[in-house]
Amino acid sequence: MTGGNRPGKVPLPSFRGCASTPASQQAMASPAPAPQTAAAPLPEPRHREKRRLADALRALAMDAVEQAKSGHPGMPMGMADVATVLFGEHLKFDPARPDWPDRDRFLLSAGHGSMLLYGLLHLTGYAEMTLDELKRFRQLGSRTAGHPEYGHAKGIETTTGPLGQGLANAVGMALGERLLNAHFGDDLVDHHTYVIAGDGCLMEGISHEAISLAGHLGLAKLTVLWDDNSISIDGATGLSVSDDQLQRFAASGWATERVDGHDTDAVSAALARARTSELPTLIACRTVIGFGAPTKAGTSAAHGSPLGAGEIAGARERLGWSHRPFEIPAEIRAAWREIGQRGAAAATAWEQRLAAAPAAWRQEFLARQSGEIPAETAAALDQIRQKFAAEAPKLATRQCSGMVLDAIAATLPALVGGSADLTGSVNTKAKSQKDVTPQDFSGSYMYYGVREHGMAAAMNGLALHGGIIPYGGTFLIFSDYCKPAIRLSALMEQRVVYVMTHDSIGLGEDGPTHQAVEQLAGLRAIPNLQVFRPADGVETAECWALALGSRDRPSIMTLTRQALPTVRTGVPGENLSARGGYVLADSDGARQVTLLATGSEVSIALAARDALQARGVPVAVVSLPCWALFDAQDASYRAAVLGSVPRIAVEAASPFGWERYTGGDGAIVAMPGFGASAPAEALYKHFGITAEKVVEAALFRLEQLRR
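Draft legend 1. Representation of the overall build of the protein chain. In terms of helices and strands, the protein chain carries 26 helices and 20 strands. Taking 2.2 N^0.38 as the reference for a compact globule, 707 residues should give roughly 27 Å; the C-alpha atoms of the protein chain span a radius of gyration of 28 Å, in line with that estimate. Dimensions of the protein chain along its principal axes, counting C-alpha atoms only, are 90 × 60 × 45 Å. For the protein chain, the residues scored as buried account for 61% of the 707 residues in total. Counting only contacts in the protein chain whose residues sit at least 6 apart along the sequence, the fraction spanning at least 24 positions is 79%.

Have a look at this one:
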């Protein structure tokens, strides 16, 4: 099985009696639609049947937004013709088998126009997207959230709303298709990725990173349909932007063309050209926002508010849509359901090819789709953990992480790594990993370039695609560039591993611009995100095991630049990091103080313990590699670990959040502000992140309690 386009592939049929007319294979600019006014009649459609199908989408969008008294009707009304052509003539999908691995992916990056997606899913027959769900648009507990949310209903491929994220997710999905195709071949992996993006998606900075990466890789099966309506919330886009988007995409290595988005033949011909292009394709679809509305079409008034009863009545009249709210005529519903059934034959044929594949091939494909971690990987993780404990090396945890990857990469084919131009610094490339290049997608290591935001969002796309477990690295300070995508990883419950090194003032001379201070607190505040800060190689291996085993949440590995001593020696038993926190060193005698620490400060806490116990103060040291996991333990376990004595926390980061563990009788030894440029040892002493300061804080609290 080899990559490439499988010959003889039969496209989905076009509308009965409405096949697109042949078009020149040369991309030509189409004239923009004439602006609509209250007096101007709608242009006569070339294919009335297609217009009626599109009008069903427009009506559902108007009605749902009006009933909710909230939403964005303009984009669904403007892009209804484009969506009708895409789903009716080009998209390979089967609502009866919504998780079919070789389906085409459709993403609505302009997520505010969510009713377009919901209308498409309902009309084509996705079982979960009922008419009642459309009527409950934007209501508590409905599947039809204000912006599409992954997991709410089949057919929603990703969560969008933050503009540009869906576009970058689509790059990850298109990349995922190429990676799996290079391994399994056309018989099992041969599909396209389509994304509808708006003006806002292309204004957001992430779009530059995404289109640059896609162009560099030559992701030819990626097609962006740009809703080129020249309207934003503030008004005409000319108020704020004058980019030539076609030239911009072309400069990044894309094929580009512009069409009238209401000319269904032109749209279909452009999509056909995109399918055979050797480059990713941008199709600028010149549309009228709020198409059909008598006074608001073509204006920002149609963008983000209900049209109002009078405007909707006028739109119904102009569109010739005389049906009641949410009513779809039987013949139109039947035509849409026929569209939804056309992919069944392709899905069945794919299942037959899978069944006929060699057993080992089929089993590997299904195993990768399942997301399970092989037993060989679990064994390799335990072996490297044992090695760290036995040899007790003094290494930076970023180096330990690299050694973990060396141990497991060959055992876990689904693992796809990368970094944002920091491979040698963040230790993310395993020795066995082969580079992914535009000429060869058979590797498993990506060079994302200096594109942290694009990397993070593309990794979400890789995870959502299925068959791939992505991880990528940069410095912890640059997690701020990744934050929107990290938040969406957590919201979508995706297994994405972010390797964030150089995690504190311990990086030294690069100074405060690169020294993370507030980042840990901000990341720990994100729900459903595991933030790991291991203290040595043993904990690093344990945290990697937990990250890979967490199928419904992302993880961040925060790792040091500086070398740390091994704090866990001997023969390790259970994965203690799985508890989030544990007693690393118990007190000699009745505990009087508990020292809490993470990562590089655990060894500082152990030194403070030795000093305090030499003074006759029994002290326990607790390592807290993952707050989220510790907080999930039962109250009795947490109480036993923390103890009922004064607690002193030490971390070379913002103190924010530690109060939950130290309580009123405790203290926090942490960064008072930004760092500085100097060797790491000097910085720890200068800012008081030392064993001496921990001892001082503990003795002070004990003295206060005695008074």
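Draft legend 2. Structural view of the packing of aromatic side chains. Counted under the stated rule, the structure contains 17 aromatic pairs. Aromatic pair Tyr471 and Trp544: ring centres 5.8 Å apart, planes at 90 degrees, arrangement edge-to-face. Here the residue Tyr471 occupies a position in strand E11 (residues 469-475), and Trp544 occupies one in helix H20 (residues 537-549), the gap between them amounting to 73 residues. Here Tyr471 falls in the buried class, since its relative accessible area comes to 1%. Aromatic side chains Trp658 and Tyr661 sit 6.0 Å apart centroid to centroid with 70 degrees between the ring planes, which places their arrangement in the edge-to-face category. Note on accessibility: Trp658 and Tyr661 belong to one class, buried. The ring of Trp627 is capped by Arg524, whose NZ or CZ atom sits 3.9 Å from the centre of that ring. Between the NZ or CZ atom of Arg579 and the centre of the ring of Tyr637, over which it lies, the distance is 4.1 Å.

Draft legend 3. Region of the structure containing the pattern of salt bridges. The final tally for this structure, using the stated rule, is 38 salt bridges. Across the pair Arg385 and Glu542 runs a salt bridge, and its minimum N-O distance is 2.9 Å. Within this pair, whereas Arg385 is found in helix H14 (residues 375-391), its partner Glu542 is found in helix H20, the two being separated by 157 residues in sequence. Comparing Arg385 with Glu542, the two get one shared label, buried. Between Asp503 and Arg533 there is a salt bridge, and its shortest N-O distance comes to 2.9 Å. Of this pair, Asp503 sits in the loop between strand E12 (497-501) and helix H19 (519-524) while Arg533 sits in the loop between strand E13 (530-532) and H20; the two residues are 30 residues apart in sequence, bridging distant segments of the chain. For the pair Asp503 and Arg533, a shared accessibility class is recorded, and that class is buried. When salt bridges that share partners are traced, they join Asp503, Arg524, Arg533, Glu601 and Glu651 into one network.

Draft legend 4. Examining the nonpolar core more closely. With 70 residues, the main nonpolar core has Leu175, Leu219, Leu222 and Ile486 as its most contacted residues. The element best represented in this core is helix H5 (residues 165-184), accounting for ten residues. When residues no more than four places from it in sequence are discounted, the contact partners of Ile486 are Ser479, Tyr498, Met500, Leu523, Ile526, Leu529 and Ile556. With 68 residues, the next largest nonpolar core counts Leu108, Ala145, Ala274 and Leu307 among its residues.

Draft legend 5. Structural view of the environment of Gln341. If you trace the backbone, Gln341 turns up in helix H11 (residues 330-341). Classification of Gln341 as exposed rests on a relative accessible area of 57%. When the C-alpha atoms of Gln341 and Leu131 are compared, they prove to be 19 Å apart, with 210 residues separating the residues in sequence.

Draft legend 6. Expanded view of the sheet that holds strand E2 (residues 193-197). In spatial order, the strands read E1-E2-E3-E7-E6; together these five strands make up an open sheet with parallel pairing. Two strands lie at the open edges of the sheet, namely strand E1 (105-108) and strand E6 (255-260), each paired on one side alone. With strand direction ignored, the average angle separating the axes of adjacent strands in the sheet is 20 degrees. As judged from the six bridges shared by E6 and strand E7 (residues 281-286), these two strands associate in the parallel manner.

Draft legend 7. Examining the side chain of Asp186 more closely. Along the chain, the position of Asp186 falls in the loop between H5 and E2. No salt bridge forms around the buried Asp186; measuring N to O, its nearest opposite-charge neighbour Arg178 is 4.9 Å away. In terms of polar contacts, Asp186 uses its side chain to reach the side chain of Asn181, at 2.8 Å.

Draft legend 8. Looking closely at the pairing of strand E14 (residues 555-558). Residues Ser555 and Met557 point to one face of E14 and Ile556 and Thr558 to the other, with burial holding for every one of them. Looking at chain direction, E12 and E14 are connected through four bridges and run parallel. Residue pairing across strands places Met500 opposite Thr558, the latter belonging to E14. As defined by bridge partners, E13 adjoins E14 across three bridges and the pair is classed as parallel.

Draft legend 9. A look at helix H26 (residues 691-706). The end-to-end C-alpha distance of H26, which contains 16 residues, comes to 23 Å, matching closely the 22 Å that a straight helix rising 1.5 Å per residue would cover. For H26, the full list of buried residues reads Ala691, Val694, Val695, Ala697, Ala698, Arg701 and Leu702. Relative to the axis of H26, the buried residues are bounded by an arc of 165 degrees and lie together on one face. On its buried face, H26 is in contact with strand E17 (593-597), helix H21 (602-614), strand E19 (647-650) and strand E20 (667-669).

Draft legend 10. Local environment of the state of the cysteines. Going through the model one piece at a time under the given rule, you end up with zero disulfides. The structure places no disulfide on Cys201, whose sulfur is separated from the nearest cysteine sulfur, that of Cys285, by 13 Å. Not engaged in a disulfide, the cysteine Cys543 finds its nearest cysteine sulfur in Cys626; these two sulfurs lie 7.2 Å apart.

Draft legend 11. Geometry of the sheet that holds E14. Judged by pairing direction, the sheet is parallel, and its six strands sit side by side in the order E10-E9-E11-E12-E14-E13 without closing on themselves. Strands with a single pairing partner mark the edges of an open sheet, and in this sheet they are strand E10 (445-447) and E13. The sheet shows a mean angle of 20 degrees between the axes of neighbouring strands, taken without regard to direction.

Draft legend 12. Focus on the side chain of His303. Mapped onto the fold, His303 is located in the loop between E7 and helix H10 (309-319). Excluding its chain neighbours within four sequence positions, the residues that come into contact with His303 are Gly71, His72, Pro73, Gly74, His112, Ile233 and Ile289.

Draft legend 13. Region of interest: unusual backbone geometry. Of note in the backbone geometry, Arg138 takes a positive phi value of approximately 65 degrees without being a glycine. Assignment of secondary structure puts Arg138 in the loop between helix H4 (131-135) and H5.

Draft legend 14. Spatial organisation of the packing of H5 against helix H7 (residues 205-217). Here H5 crosses H7 at 20 degrees, and the two axes come no closer than 8 Å. Classified by the angle between their axes, H5 and H7 sit roughly parallel to one another. Crossing hand, H5 versus H7: left-handed. Of H7, the residues touching H5 (which contributes Gln165, Leu167, Ala168, Val171 and Leu175) are Ile206, Ser207, Ala210, Ile211, Leu213, Ala214 and Leu217. Among the residues forming the contact of H5 with H7, the class breakdown is ten nonpolar, two polar and no charged.

Draft legend 15. A look at the pairing of E2. For E2, a buried count of five out of five residues is recorded, marking the element as mostly surrounded by other parts of the structure. Residues of E2 alternate between two faces, with Thr193, Val195 and Ala197 on one and Tyr194 and Ile196 on the opposite face, all of them buried. In this sheet, E2 lies alongside E1 in parallel orientation, the contact comprising four bridges. Within E2, the residue paired with Leu107 across the bridge is Val195. Sheet analysis places E2 next to strand E3 (residues 222-228), joined by five bridges and oriented parallel. For Ile196, the partnering residue across the bridge sits in E3 and is Leu225.

Each value, and the rule that gives it
Residues numbered from 1 in each chain as written. Predicted model: local features only at pLDDT ≥ 70, side-chain atom pairs only at ≥ 80, totals over all residues. Heavy atoms only, no water. Helix = DSSP H or I, 4+ residues; strand = E, 2+ residues; numbered from the N terminus. Rg over C-alpha atoms; globule rule 2.2 N^0.38 Å. Buried < 20%, exposed > 50% of the residue type's maximum accessible area, 1.4 Å probe, protein only. Contact = heavy atoms within 4.5 Å. Phe/Tyr/Trp six-rings, centres within 6.5 Å; stacked < 30°, edge-to-face > 60°. Lys NZ or Arg CZ within 6 Å of the ring centre and 35° of its normal. Salt bridge = Lys/Arg side-chain N within 4 Å of Asp/Glu carboxyl O. Core = buried A, V, L, I, M, F, W, Y, C linked by side-chain atoms within 4.5 Å. Pairing = 2+ DSSP bridges. Axes fitted to C-alpha atoms, helices over the stretch in contact; angles between N-to-C directions. Lys, Arg positive; Asp, Glu negative; His and termini not counted. Polar contact = N/O pair within 3.5 Å; in protein donor to acceptor, adjacent residues only side chain to side chain. Expected span 1.5 Å × (residues − 1). Arc of directions from axis to C-beta. Disulfide = S-S within 2.5 Å. Parallel < 35°, antiparallel > 145°, perpendicular 65-115°, else oblique. Left-handed = near helix turned anticlockwise from the far one by under 90°. Nonpolar A, V, L, I, M, F, W, Y, C, P; charged D, E, K, R; others polar.

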